[in-house]
Amino acid sequence: MHVLVLNCGSSTVKFKLFSLENDTLTPVDSGLKEVDRGYGDAIRTLVEELPATPDLVAHRVVHGGELYSKPVKIDAEVIRNLERLSTLAPLHNPPALEGIAAASDLNAPQYAAFDTSFHQGMPPEAFTYALPQDLARLHGLRRYGFHGHSHQYVSERYAELSGNAEALVITLHLGSGASAAAICAGRCIDTSMGTTPLEGLVMATRGGDIDPAVIFHLLRNGTSLDDCERLFWRESGLKGLGGTADMRELLARDDEASKLAIELFCYRIRKYIGAYMAVLGGLDALVFTGGIGENSPEIREKILAPLQGMGFAFDPARNLAGDKILSAENSAIDIRVIPTDEEFLIARLVWRQNHLENPDFA
């Protein structure tokens, strides 16, 4: 039994193939294909190179709205719903839909697994916007949250490593997209992204939290709707502040714009840490993950150093050495780096859902 996980981006397809034996998932192949000649060509090429034929295909889909709290088998109705939700995730859902179409030739059941699913259990006070609720329900205006597979994976992994399944945990997924989540006993209580992946932390090309009146002002003063949308999705965040979306480039520079971009990135994260400690009523652990969270000791130190008066005692030597446990012996809060594995979680969720629906599937 083999499960193929596909993650279709704007210019690449990431994939990971798992074998399943005795209810144990084992990765057997992974990689990335450029989408130079379309998703169909990229997926056909990677499938031809796989060491085994997939029996199930799982697609990472960013936005499932309120419709999907678990993986769903893809059919015509699901595709129509994902097309409708594409306006809320214009950078993410359309490539996933192209990948679904391209993988239809594999003659294997296809499932969609949603970044939003893990956050569906948030309480109403966390997901509701203070808008007229008839209008909000009509347009689906609420906070959904994203990076759910990553937040779920690292919070479950923390429970395994620490032996504390009831822990109060803040998870920080820091990469080109960035988000925070407040998790109590494995349940998401709050998260930083909203109706779309624009809200919350500073990101590579997205600025995160902003006064919505800024948009009104731009529109009234000659900025077109398309230009405004491009500004907030593709030209803001680190790129807007420092001229590049690459945190490594910013850290290598010594100019004021780069310094401001880095400081603002870390400052916004600290604000969310403080807010989520209040939401949770305490904190047992802080977990870093994602490309920046896992690989940048400089950013981790800039986030942690000002928090030491709040119980975050970290060990600079461990941090620089790339250790997975960063907290000092006297730290009131466990500080860790846990590499994420969204593909593993997606494969597990999809296999279990398929097994529930088709117990004799082999």
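Residues numbered from 1 in each chain as written. Predicted model: local features only at pLDDT ≥ 70, side-chain atom pairs only at ≥ 80, totals over all residues. Heavy atoms only, no water.

*Asks:* Would you mind showing me how to read the side chain of Asn354 here?
*Replies:* Mapped onto the fold, Asn354 is located in helix 15 (residues 342-357). Among the polar contacts listed, one links the side chain of Asn354 to the side chain of Tyr111, at a separation of 3.1 Å. (Helix = DSSP H or I, 4+ residues; strand = E, 2+ residues; numbered from the N terminus. Polar contact = N/O pair within 3.5 Å; in protein donor to acceptor, adjacent residues only side chain to side chain.)

*Asks:* Sorry if this is basic, but what is going on with the pairing of strand 10 (residues 285-289) here?
*Replies:* Moving residue by residue along a regular strand, the side chains alternate between the two faces of the sheet. Judged by how many residues are buried, strand 10 sits mostly within the fold: 5 of 5 residues are covered. Two elements, strand 7 (residues 168-174) and strand 10, share 5 bridges in a ladder whose sense is parallel. Across the sheet, residue Leu172 finds its bridge partner in strand 10, namely Phe288. Direction of pairing for strand 10 relative to strand 11 (residues 334-337): parallel, over a ladder of 4 bridges. Looking across to strand 11, one finds that Ala285 is bridged to Asp334. (Buried < 20%, exposed > 50% of the residue type's maximum accessible area, 1.4 Å probe, protein only. Pairing = 2+ DSSP bridges.)

*Asks:* Even after reading the chapter, I still don't get helix 6 (residues 148-162), so can you show me in this structure?
*Replies:* Residues separated by three or four positions in an α-helix point in the same direction, a consequence of the helix having 3.6 residues per turn. Along its 15 residues, helix 6 runs 21 Å from first to last C-alpha, staying within 8% of the 21 Å computed at 1.5 Å per residue. Among all positions in helix 6, only Gly148, His149, Ser150, His151, Gln152, Tyr153, Val154, Ser155 and Tyr158 are buried. Where helix 6 terminates, the next one or two residues include Gly163, which has phi positive at roughly 75 degrees. (Expected span 1.5 Å × (residues − 1).)

*Asks:* Even after reading the chapter, I still don't get the nonpolar core, so can you show me in this structure?
*Replies:* Within soluble globular proteins, side chains that are nonpolar tend to cluster in buried spots. Counting residues in each nonpolar core, the largest one holds 45 residues, and the members touching the most others are Ile170, Leu172, Leu174, Phe265, Ile273, Phe288 and Phe312. Contributions of two or more residues to this core are made by strand 7, strand 8 (178-184), helix 10 (247-252), helix 11 (256-280), strand 10, helix 13 (297-304) and strand 11. For this core, the element with the most residues is helix 11, which contributes 10 residues. Other than its neighbours up to four places away in sequence, Phe265 contacts Leu174, Val202, Leu238, Met247, Ile292 and Ile299. (Core = buried A, V, L, I, M, F, W, Y, C linked by side-chain atoms within 4.5 Å. Contact = heavy atoms within 4.5 Å.)

*Asks:* When you look at the pattern of salt bridges in this model, what are you seeing that I'm missing?
*Replies:* Oppositely charged side chains can form a pair if their charged atoms are brought close together. Tallied over the entire structure, the rule returns 20 salt bridges. Taking the shortest distance from any N to any O, the salt bridge between Arg60 and Asp115 comes out at 2.6 Å. Taken as a pair, Arg60 in strand 4 (residues 56-61) and Asp115 in the loop between strand 6 (110-114) and helix 4 (124-127) lie far apart in primary sequence, 55 residues in all. A salt bridge links Arg157 to Glu160; the shortest N-O distance between them is 3.0 Å. Of the two residues, Arg157 and Glu160 are both situated in helix 6; the distance of 3 residues between them amounts to about one turn of the helix. By relative accessible area, Arg157 is classed as partly exposed at 32%. Judged by relative accessible area, which is 56%, Glu160 ranks as exposed. (Salt bridge = Lys/Arg side-chain N within 4 Å of Asp/Glu carboxyl O.)

*Asks:* Even after reading the chapter, I still don't get the packing of helix 7 (residues 213-220) against helix 8 (residues 225-234), so can you show me in this structure?
*Replies:* Between helix 7 and helix 8, the least distance of the axes is 10 Å, while the angle of their chain directions is 140 degrees. What the angle tells us is that helix 7 and helix 8 run oblique. In this structure, the crossing between helix 7 and helix 8 has a hand that is right-handed. In this structure, helix 7 uses Val214, Ile215, Leu218 and Leu219 to contact helix 8, whose residues at the interface are Leu225, Cys228, Leu231 and Phe232. Across the contact of helix 7 with helix 8, the residue classes tally to 8 nonpolar, no polar and no charged. (Axes fitted to C-alpha atoms, helices over the stretch in contact; angles between N-to-C directions. Parallel < 35°, antiparallel > 145°, perpendicular 65-115°, else oblique. Left-handed = near helix turned anticlockwise from the far one by under 90°. Nonpolar A, V, L, I, M, F, W, Y, C, P; charged D, E, K, R; others polar.)

*Asks:* Sorry if this is basic, but what is going on with the state of the cysteines here?
*Replies:* Such a bond, covalent and formed between the sulfur atoms of two cysteines, is termed a disulfide. Tallied over the full model, the rule gives 0 disulfides. Sulfur of Cys184: no disulfide; nearest cysteine sulfur belongs to Cys188 and is 11 Å away. (Disulfide = S-S within 2.5 Å.)

*Asks:* Mind showing me how you'd approach the sheet that holds strand 2 (residues 12-21) here?
*Replies:* Where strands meet in a sheet, backbone hydrogen bonds hold them as pairs that are either parallel or antiparallel. Read across the open sheet, the 6 strands follow the order 3-2-1-4-6-5; overall the sheet is mixed. The open sheet is flanked by strand 3 (24-34) and strand 5 (72-73), the only strands paired with a single partner. Here 2 bridges tie strand 5 to strand 6, and the two strands are oriented antiparallel to one another. In the strand pairing of strand 6, Lys73 is matched with Tyr111. Against the sheet, helix 15 contacts strand 1 (2-8), strand 2, strand 3, strand 4, strand 5 and strand 6, and its axis sits at roughly 125 degrees relative to strand 4.

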